[in-house]
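Structural overview
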Amino acid sequence: MNKDKFLHEIDSRRTFAIISHPDAGKTTITEKVLLFGHLIQKAGTVKGKKSGQFATSDWMEMEKERGISVTTSVMQFPYNDCLVNLLDTPGHEDFSEDTYRTLTAVDSCLMVIDGAKGVEDRTIKLMEVTRLRDTPIITFMNKMDRDIRDPVDLLDEVESVLKIACAPITWPIGSGKEFKGVYHILRDEIILYKSGMGHTIQDLDVIKGLNNLELDKRIGYYAAQLRDEMELVQGASNEFDQDMFLKGELTPVFFGTALGNFGVDHMLDGLTEWAPKPQSRLTNSRKVEPGEPGFSGFVFKIQANMDPKHRDRVAFLRIVSGKYEKGMKVRHVRIGKDVLIPQALTFLAGDREHLDEAYPGDIIGLHNHGTIKIGDTFTTGEDMQFSGIPNFAPELFRRIRLRDPLKQKQLLKGLVQLSEEGAVQVFRPLDTNDLIVGAVGVLQFDVVVSRLKSEYNVDALYESVNVATARWVYSDDGKALQEFQNKASANLALDGGDNLTYIAPTMVNLNLATERYPKISFQKTREH
Ligand code: G4P
């Protein structure tokens, strides 16, 4: 392997995901990013919410009907001198487990905020997740072509609610019908906005220098207003600081309109220039650096099958170190076996393509028939396990029941496989024969019943169940754990991976149990 080429490939990778509240404009911005990446020729060809989708199975039909993007897909494209990997995350509030785990596979995030609405719930939740790894965040204030809130207020809100310093890189001039463009603070140039050009890459209309009199000619009264505003803004806001950005303490902020395809290029310039190249990752034994020659990576998502008859699955693996080459042999650490990867997949918008090589920061898709689980590590021989790929305690529960009681075995098999994929979580109470399904978002329930039918030929339905919350239980004290199991067995269950779980009918019950059994730890997340 040519070392210089290898290191150059790593340095040029940027792997990121978009986080936002539904409707802030993630799909629209994704489309414009693909336009700049030349993956599509004209915006509007990847219609709305269906961008990046590549599937035909039944449950995806449901997704289409509901206009919700359930899948996480991966897109790779060149921009400036970089090769950018964009991991699409489901936008809907449901399916957040997938979203969370996708965030473990990126090195930076783009946060899209609706300029009229400011910081919304889901953005707050997602930011909490990025905090677990101090992921660097770039911010795009969207919808400047609408009447938005005062930009200074927007920045204040991000700083106070999300606890991250803001460094405006561009600044909007007017908004709504009067949106004139942005001032690029670092480049000292004004880029003027033309409406109705959102479908294409536009020729830029640029005026050099804030004090250029040309500006007064072009935007009249707004020129003087901008100069006044900039004095205030530059006095009151932070300057961009690369170190603080990389530590996740400061976010560069761009203003624009995704629909009008304006400002997205500024954001991409910032991303390619400042966002981190592929980063090291921790395992149970050591830290793995991307430049190491040995191949390693972890699976953060499993996508069921595009062809229901074959029940194949694609595992999404983030490469951490080394180089993937077609036909290479790697160790599947959990099962301790060396396996051949004859063909991996790379993902472009809508298409699946086979690839010959891939580098740290890239995502490859591995075909399998259920042998690969979320969180699995692959290496060129070293026994180690990447950490930090979480399962989240579900917040919604249903008892699942068969219409045809003879299919109990298939039902259990289907549920366990779906739980390994991360589509849902399943709990088997120690004291009864019930099967309880737990989800983070309510739509997961429909997907599961629909997939049980199409993929496992099992007709199931739900009943309500008296469970409010679940916690994984651990203890270093074997005796205390045994005693707890004996006394609390009515509230204990095994999850899909046979991990002991406390299922509580109420939060009060959970709190009481926590007090009563101080030697037992009740955890909201579980690592794979
Ligand atoms: P999401 O993926 O974050 O949920 O948001 P999405 O891009 O689907 O955008 C949500 C709505 O906001 C869409 O309108 C979209 O056209 C609109 N939108 C996105 N960016 C901008 C922008 O910069 N300016 C304006 N004015 N609107 C924007 P919709 O009516 O819900 O959908 P559609 O029928 O237009 O597809």
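Predicted, not measured: the structure shown is a model, and the values here were computed from it.

Brief notes about the overall build of the protein chain
Within the protein chain, the secondary structure is distributed over 14 helices and 33 strands. Taking all 528 residues of the protein chain together, the buried fraction comes to 57%. Looking at the protein chain alone, contacts between residues at least 24 apart form 71% of all its contacts between residues at least 6 apart. Accessible surface, the protein chain: about 22400 Å² in total, of which carbon and sulfur atoms supply 48%.

Quick word on unusual backbone geometry
In this structure, Asn80 takes a positive phi of about 50° despite not being glycine. For Asn80, the position within the fold is in the loop between strand S2 (74-79) and strand S3 (82-87). One non-glycine residue, Asn261, adopts positive backbone phi at about 45°. Considering the arrangement of structural elements, one finds Asn261 in the loop between strand S11 (250-255) and helix H10 (264-274). Judged by its relative accessible area of 4%, Asn261 falls in the buried class.

Things to note about the sheet that holds strand S8 (residues 181-184)
Taken in spatial order, the four strands make up an open sheet running S7-S8-S9-S10, and their pairing is antiparallel. Looking at the sheet topology across the chains shown, the edges are occupied by strand S7 (170-173) and strand S10 (205-208). Each strand axis lies, on average, 25° off the axis of its neighbour in the sheet, ignoring direction. Across four bridges, the pairing between strand S9 (residues 189-192) and S10 is antiparallel. Opposite Leu192, over in S10, you have Asp205 as the bridge partner.

Remarks on the packing of helix H11 (residues 408-421) against helix H12 (residues 443-456)
Interhelical geometry of H11 versus H12 gives an angle of 120° and a closest axis separation of 10 Å. Here H11 is positioned oblique relative to H12, judged by the angle of their axes. As H11 runs across H12, the sense of the crossing is right-handed. For the pair H11 and H12, the contacting residues are Gln410, Leu411, Gly414, Leu415, Gln417, Leu418 and Glu421 in the first and Val448, Arg451, Leu452 and Tyr456 in the second. Counted by class, the contact of H11 with H12 contains six nonpolar, three polar and two charged residues.

Quick look at helix H2 (residues 26-36)
Along H2, nine of the eleven residues are buried, which leaves the element largely enclosed by surrounding structure. Of the positions making up H2, those classed as buried are Lys26, Ile29, Thr30, Glu31, Lys32, Val33, Leu34, Leu35 and Phe36. Elements that come into contact with the buried residues of H2 comprise strand S1 (13-20), S2, S3, strand S4 (108-114), strand S5 (137-142) and H10. Following H2 by one or two positions, His38 adopts a phi angle in the positive range, close to 60°.

A short note on the packing of H2 against H10
Where H2 meets H10, the axes come as close as 10 Å, and the angle between the chain directions of the two elements is 70°. Considering their axes alone, H2 and H10 lie roughly perpendicular with respect to each other. Residue-level inspection shows Ile29, Lys32, Val33 and Phe36 of H2 in contact with H10, the latter providing Val264, Asp265, Met267 and Leu268. Of the residues contributing to the contact of H2 with H10, the split by class is six nonpolar, no polar and two charged.

Points about the domain arrangement of the protein chain
The assigned domain composition of the protein chain is domain 1 (16-72 + 92-274), domain 2 (281-379) and domain 3 (393-527). For the pair domain 2 and domain 3, the summed buried surface comes to about 810 Å²; carbon and sulfur atoms form 41% of the total. On the surface where domain 2 and domain 3 come into contact, there are one salt bridge. At the boundary of domain 2 and domain 3, one finds zero residue pairs in polar contact (both at pLDDT 80 or more). Each residue belonging to the side of domain 2 that touches domain 3 can be placed in one class, and the counts come to three nonpolar, two polar and three charged.

Rules of the game
Residues numbered from 1 in each chain as written. Predicted model: local features only at pLDDT ≥ 70, side-chain atom pairs only at ≥ 80, totals over all residues. Heavy atoms only, no water. Helix = DSSP H or I, 4+ residues; strand = E, 2+ residues; numbered from the N terminus. Buried < 20%, exposed > 50% of the residue type's maximum accessible area, 1.4 Å probe, protein only. Contact = heavy atoms within 4.5 Å. Areas by Shrake-Rupley, 256 points an atom, 1.4 Å probe, with all protein chains shown as cover. Pairing = 2+ DSSP bridges. Axes fitted to C-alpha atoms, helices over the stretch in contact; angles between N-to-C directions. Parallel < 35°, antiparallel > 145°, perpendicular 65-115°, else oblique. Left-handed = near helix turned anticlockwise from the far one by under 90°. Nonpolar A, V, L, I, M, F, W, Y, C, P; charged D, E, K, R; others polar. Domains from an automatic or database assignment. Buried area = accessible area lost by both parts, 1.4 Å probe. Salt bridge = Lys/Arg side-chain N within 4 Å of Asp/Glu carboxyl O. Polar contact = N/O pair within 3.5 Å; in protein donor to acceptor, adjacent residues only side chain to side chain.

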